[in-house]
Amino acid sequence: MWSTARQVAAGDLVIVWLVSPPRSSYPGNFLSSCTQTRDMVQSLVVTPGKEFNSRYGDYRHSDLLGIPYGSKVGSRTGKGFVHILRPTPELWTLALPHRTQILYLADIAFITSWLHIRPGSTVIEAGTGSGSFTHSIARSVGATGRVFSYEFHETRASKAAEEFARHGMSDIVTLTHRNVCKNGFTVLDTADSVFLDLPAPWEAIEHAKVALRKDRTARICCFSPCIEQVLRTVSALNDAGFTDITMYETLLRPHEVNQGPRLVPISAVADKLKLAERGREDKRQRQIAASRARYVEKRKRGDSANADAGADADADTLEAKKLKTAGDDHAQAQVAASEAPDVAMGEALEDGTPAADDAVPAMQILSRVSKEVRGHTSFLTFACLLPALAPPAPKGETSASSA
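Criteria and cut-off values
- Here the residue index of a chain counts from 1 through its sequence in written order.
- Thresholds applied to this predicted model are a pLDDT of at least 70 for local features of residues and 80 or more for the giving and counting of side-chain atom pairs; totals over whole chains, interfaces and linings are not thresholded and use all residues.
- Note that water and hydrogens are dropped before the side-chain values are worked out from all heavy atoms of the structure.
- Whether two aromatic rings pair depends on their centres lying within 6.5 Å, for rings of Phe, Tyr and Trp, where Trp uses its six-membered ring; planes under 30 degrees apart make the pair stacked, over 60 edge-to-face, and the rest tilted.
- Only runs of H or I of at least four residues qualify as helices and only runs of E of at least two qualify as strands under DSSP, and these elements are numbered from the N terminus.
- Here's how the labels work: a residue is buried when its accessible area is under 20% of the maximum for its type, exposed when over 50%, partly exposed in between, all with a 1.4 Å probe on protein chains only.
- pLDDT gives the predictor's per-residue confidence on a scale running from 0 to 100.
- Two residues form a contact once any of their heavy atoms are found within 4.5 Å.
- In what follows, salt bridge is the name for a side-chain nitrogen of Lys or Arg lying within 4 Å of a carboxyl oxygen of Asp or Glu.
- The set of buried Ala, Val, Leu, Ile, Met, Phe, Trp, Tyr and Cys residues whose side-chain atoms join them within 4.5 Å is what this entry labels a nonpolar core.
- Two strands pair if DSSP finds at least two bridges between them.
- Axes, fitted as lines to C-alpha atoms, cover a helix only where it is in contact. Angles between the N-to-C directions of the axes lie from 0 to 180 degrees.

### As for the packing of aromatic side chains
- Counted under the stated rule, the structure contains nine aromatic pairs.
- Their ring planes at 70 degrees and their centres at 5.2 Å tell us that Y150 and F185 sit as a pair that is edge-to-face. Taken together, the residues span a long stretch of sequence, with Y150 in strand β8 (residues 146-151) and F185 in the loop between α6 (180-183) and β10 (193-196) at a distance of 35 residues. A single burial state applies to Y150 and to F185, both of which are buried.
- When the ring of F195 is compared with that of F223, the centres are 6.3 Å apart and the planes differ by 55 degrees; the resulting orientation is tilted.

### Examining the environment of P97
- Of note, P97 is situated in the loop between α2 (89-95) and α3 (105-114).
- P97 sits 34 residues away from G131 along the chain, and the two C-alpha atoms are 9.5 Å apart.

### Details of the confidence of the model for the chain
- Looking at the chain, pLDDT values average 81 and 75% of them are 70 or higher.
- Scored below 50 in pLDDT, residues 21-36 shows 30 contacts in the model against residues more than four places distant or in partner chains.
- For residues 339-358, every residue scores under 50 in pLDDT, and the model assigns this stretch 32 contacts once sequence neighbours within four places are set aside.

### With respect to the pattern of salt bridges
- If you walk through the whole model with that rule in mind, you get 10 salt bridges.
- Put simply, E163 and R99 hold a salt bridge, and the shortest N to O gap is 3.0 Å. Here E163, found in helix α5 (residues 154-166), pairs with R99, found in the loop between α2 and α3; they are 64 residues apart in sequence, far enough to count as distant.
- Because the salt bridges share partners, they merge into one network encompassing D192, R213 and D215.

### Things to note about the nonpolar core
- If you look at the biggest cluster of nonpolar residues, it comprises 28 residues, and the most contacted ones within it are I124, F185, V194, L196, I205, I220 and F242.
- At the level of secondary structure, the elements contributing two or more residues to this core comprise β7 (122-126), β8, α6, β10, α7 (205-211), β11 (218-224), α8 (227-240) and β15 (379-385).
- Look past the residues within four positions of F242 in its chain and what remains in contact with it is I205, K209, L212, I220, L237, A383, C384 and L385.
- By size, the runner-up hydrophobic cluster in this structure holds 23 residues, among which are L103, V141, A160 and V173.

### So, unusual backbone geometry
- One non-glycine residue with positive phi stands out, namely D189, at about 50 degrees.
- Given the relative accessible area of 41%, D189 is considered partly exposed.
- The backbone of D244 shows a phi angle near 55 degrees, a positive value even though the residue is not glycine.
- Under the relative-accessibility criterion, D244 is labelled partly exposed at 49%.

### What to know about the sheet that holds strand β12 (residues 243-249)
- Taken in spatial order, the seven strands of this open sheet run β9-β8-β7-β10-β11-β15-β12, and their pairing is mixed. Single-partner strands in this sheet number two, and they are β9 (173-177) and β12. Neighbour-to-neighbour, the strand axes of the sheet open up by a mean angle of 15 degrees, direction not taken into account.
- Relative to β9, β8 runs parallel, the two sharing five bridges.

### Regarding the side chain of E163
- A residue is classified by how much of its surface remains accessible, and E163, at 5% relative accessible area, is buried.
- With residues up to four places along the chain from it excluded, the contact list for E163 reads W92, P97, R99, S130 and H135.

### Quick word on the sheet that holds strand β1 (residues 13-18)
- Ordered in space as β2-β1-β6-β5, the four strands form an open sheet in which the pairing is antiparallel. Looking along the sheet, the strands with just one partner apiece sit at the ends: β2 (41-45) and β5 (71-74). Averaged over all pairs of adjacent strands, the angle between strand axes in this sheet comes to 35 degrees, irrespective of strand direction.
- Across four bridges, β5 lies against strand β6 (residues 81-85) in antiparallel orientation. Counterpart to V73 in the pairing with β6 is V82.

### A closer look at helix α4 (residues 132-141)
- The buried count for α4 comes to nine of 10 residues, which makes it a mostly enclosed element.
- By the burial criterion, the buried members of α4 are S132, F133, T134, H135, S136, I137, A138, S140 and V141.
- G142 sits one or two positions beyond α4 and adopts a positive phi of about 70 degrees.

In structure tokens:
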């Protein structure tokens, strides 16, 4: 499809990857923070004499000639750099000029798998649009396969045809400007699978059935953003005799993977809390013993009346101290719990027991779901068309043939 040479030459289409600075202070988090978005991945046709300007510096096209694909190129000012990559359908999906809403990698991969698109397959695509899906399936079918793409908008069809020719896909992709909902497809009993990315795919179901081959199981997929479209499409598929009708919705949940400090094990926290509780209990017992000793001493020195009065006062004092001690114990427990994560790994406890295994590494891998989770793109409705069964031969013909 694109240049297969090792080095960049004049006229080659390259992908410029602009690298954003890391978003995390953790060391080793550079790759996870360098996200590929439409703003960070741009396409470029290498033309000597021109320049590429971005917030990461200025670059002359002539400086790119002869460098290997995948090279890191510094700017002329020395304040930035970019990577020069070989185009792939995945990168082209991110870098292509948008003429319509496009299919992204998650949907493309799922559709390609479900439709059993492989080298040598014949695929029909209705709704070329920006050509994102076309580039992916052209690579999947390879040089022995065929892709018949249809676009009803004349301007989009002409621009897509120019792109396919520049990218070397003319031998694989046949693009036709045509309204397939009214006029149908240009092939008959040929396609292994059909993909419909249309506003009203139910209007093209019968035409798709005519284009699909009948000697083996053929498959169809309809890409619709609204559930009302799915309902009408399912009804049309049922009426046309399709089976195994299913609908899927593809959602992405990116995970950010970073390196962070290791967590304190639960055993170390529990051991420290036990030590704190043991110390508080020892202190409480010493306070109770001292109060009792003072009470006995007063009984010996005073008369019985004064001793009784003093006993009541000491009892009240002892009860108040118990309440105060209980409150202090609760506060100390909260302090100990908050300080427990600061226990060093491998540090010996007061009773000589190690807090944790010394073999645990100093850093650990942490994963969390990204805050930006892509939502709904469209519903994917799939169905199968089973091969037609030959009618049974009449009895007379069977006996004559046997004779």
